[in-house]
Amino acid sequence: MEAAAEPGRWVTARAEYQRGIMNAFSDTTVHTIVVPKAAQVGFTECVLNALGFIVHQDPCPILILQPTIDAGETWSKERLAPMVRDTPVLRGLVRQPISRYVENSLRFKSFPGGYMAIVGSNAPAGLAARPIRVVFADEVDRFKTSAGTEGDPLQLAAKRQTTFWNRKTLLGSSPGRKATSVIWREWLKSDQRRFYVPCPQCEEKQTLRWENVRWDKAADSEQRRVGAPFWPHKPETAYYVCEHCGNPWDDVVRWEAVSKGEWRATAPFNGIAGFHIPGFISPWLTLTDIVVEFLKAKDVPELLQVWVNTVLGEPFEDPAETVESSSLVSRGEQYGPELIPEGVKLLVAGVDVQGDRLECQVLGFGPREECWAIEYHVLPGDPAQQHLWMELDEQLLKVYPTEDERQLRIRAVCIDTGGHHGNQVLAFCKGRRGRKVLPIKGASGARPIWPKRESKAKKDFYVVGVDTAKDAIYGRLRIAKPGPGYIHFPVGVDFNEQYFQQLTCEKVMTRYRLGHPVRVWEKPPGAKNEALDTFVYALAARQALPIRFEPVPIPIAPAPVAGRPAEPPPPKSLFGPPPPPMPAEHEAESVRERSPPGGPPPNPGITPRPWRPQLRGRRILRSTYMS
Ligand SMILES: [Zn+2]
């Protein structure tokens, strides 16, 4: 299969846990299969296999639900089409697209005795009243809650199945937040099967858990090695510890153990089979990969959530979702716009447009998303008047000196087009794109803070994920000590009690829409929130910049070993943000931090080490998250 990282015929033994799902698919007592999962566990291959089976052996109408119609078309083009093309029996059955209707044929494929309709959860027309026997729904936690005004896409799909006694539904997703996760809600109704793996030493069967992943930490006396971005952590030493006998397993031992594993239900069966697939049982992930991702994410709440969702395959439980403004007022430090702390490497700004004024917040950022609030301007005046914008421009062109004698300018600015003065904003941004003065519009829901591309419908602004940004900001405000992700505030008139009240005025609420829990950010009626809005826009401006200070991740290039795929897993990380470093912008500091001179660091952590007893005198680090 071209679509997978490994070419060649399908071999279920490579990922033994997939066999259970395939068996459930042909088990007539199972009507629904629910798979909460990590990324990179081969779920799509399971879906494709099941599809191939239906087309070949048991043809019927099939509905394939993807989060969006674009995602559906991409899936059709990049995953489904290669499988059909490379599988002789399917090639003869699935009709080739007629070139004139290629667009359409990506979403609809017919074969003798049935068809596949590929639809997006955001496109209700695709869920029209056709009878459907089999539904595949992938990434259900990214679904739009309501398909247009008609309701839950999963319920709509289920309605189409009612005429079939042998209907079947397969749901898969990495879970999102616990309160609203659809896959987790469905999983709790299932028989909750977990994958039990026998220890090669004591043969006790166990589920693999993060608490049992260990890695070494350098002793204080040890010298920092070149190309060790997480020093003193040594993720390349990661291993798994049997929870019964305490023996360590390296990757090869773990993969071998996983190949002998079995599914066990942990709840009563009632027609719904649930399979939980954590990243630990994937043959495509090394423990080093998992620990590296953890170390990258652990200090930044929004990255930690992505890690929990896509590596552990678990939903994320939010800590209390408010921040007390009083806890922030006392945070003031002695610095200001006239002399900026050394840690700040770049500046960005966010601008909010009100009927009678502009508000502008300037933020500084350093390595690992440490952040400094720098300055807050309120510019009174009518935004319909040109001179107010000239005043803003003057502020945006300011040069800020730093403690270590650098001169910083604002590198990117996001301005809200959402108010009554959208046209003025667009006009102001138009001649200033080169300075990255960017028009934006906020949108709620699960979307990235900074879009992957400009808005498709209206090419003149960027759509910013304000809910995601607020999650990030509130998560970071809860970090109590300076370091990665921490937000510093200066003492001074700009950052007074009023500012902190505005910054912390919103609250996450769970509201029900069409019977489904939806997370929404709400501000008390009448409260002002410009400090939060401008913070959101400035954070978006930060994300619009391709500059990353994070060290180069250890490249994934596994050596071919027994039980391990010969081909490397897909090179791009499925773990979400942050995006990879881009070489386009040259800033001395960032370049220096990005990679040591003389090319990328040697690759210490890839070759699985041979069996190794624990050494004496070594500091062992125990993972603490979720233990
Ligand atoms: Zn054991």
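All values reported here derive from a predicted model rather than from experimental measurement.

(A) Up close: helix 10 (residues 301–312). Between its terminal C-alpha atoms helix 10 stretches 15 Å, which fits the 16 Å expected from 12 residues at 1.5 Å a residue. Burial analysis of helix 10 places 11 of its 12 residues in the buried class, the great majority of the element. The complete set of buried residues in helix 10 reads Pro301, Glu302, Leu303, Gln305, Val306, Trp307, Val308, Asn309, Thr310, Val311 and Leu312. Looking at the packing, one finds that the buried side of helix 10 touches helix 9 (287–297) and helix 14 (466–477). Positive phi appears at glycine 313, one or two residues downstream of helix 10, with a value of about 70°.

(B) Main features of the sheet that holds strand 5 (residues 134–138). Spatial strand order, 3-4-2-5-6-1-13: seven strands in an open sheet with mixed pairing. The open sheet is flanked by strand 3 (108–111) and strand 13 (272–274), the only strands paired with a single partner. Taking each pair of neighbouring strands and ignoring which way they run, the sheet shows an average axis angle of 10°. Across four bridges, the pairing between strand 3 and strand 4 (residues 114–120) is antiparallel. Residue pairing in the sheet places serine 110 in a bridge with tyrosine 115 of strand 4. Across the sheet, helix 3 (residues 69–86) lies against strand 2 (61–66) and strand 4, angled at about 135° from strand 4, the strand it touches most.

(C) Summary view of the environment of aspartate 152. Position of aspartate 152 among the secondary structure elements: in the loop between strand 5 and helix 6 (153–160). When the C-alpha atoms of aspartate 152 and serine 121 are compared, they prove to be 8.6 Å apart, with 31 residues separating the residues in sequence.

The rules we used
- Residues numbered from 1 in each chain as written.
- Predicted model: local features only at pLDDT ≥ 70, side-chain atom pairs only at ≥ 80, totals over all residues.
- Helix = DSSP H or I, 4+ residues; strand = E, 2+ residues; numbered from the N terminus.
- Expected span 1.5 Å × (residues − 1).
- Buried ≥ 20, exposed ≤ 12 C-beta atoms within 10 Å, placed from the backbone.
- Contact = placed C-beta atoms within 7 Å.
- Pairing = 2+ DSSP bridges.
- Axes fitted to C-alpha atoms, helices over the stretch in contact; angles between N-to-C directions.

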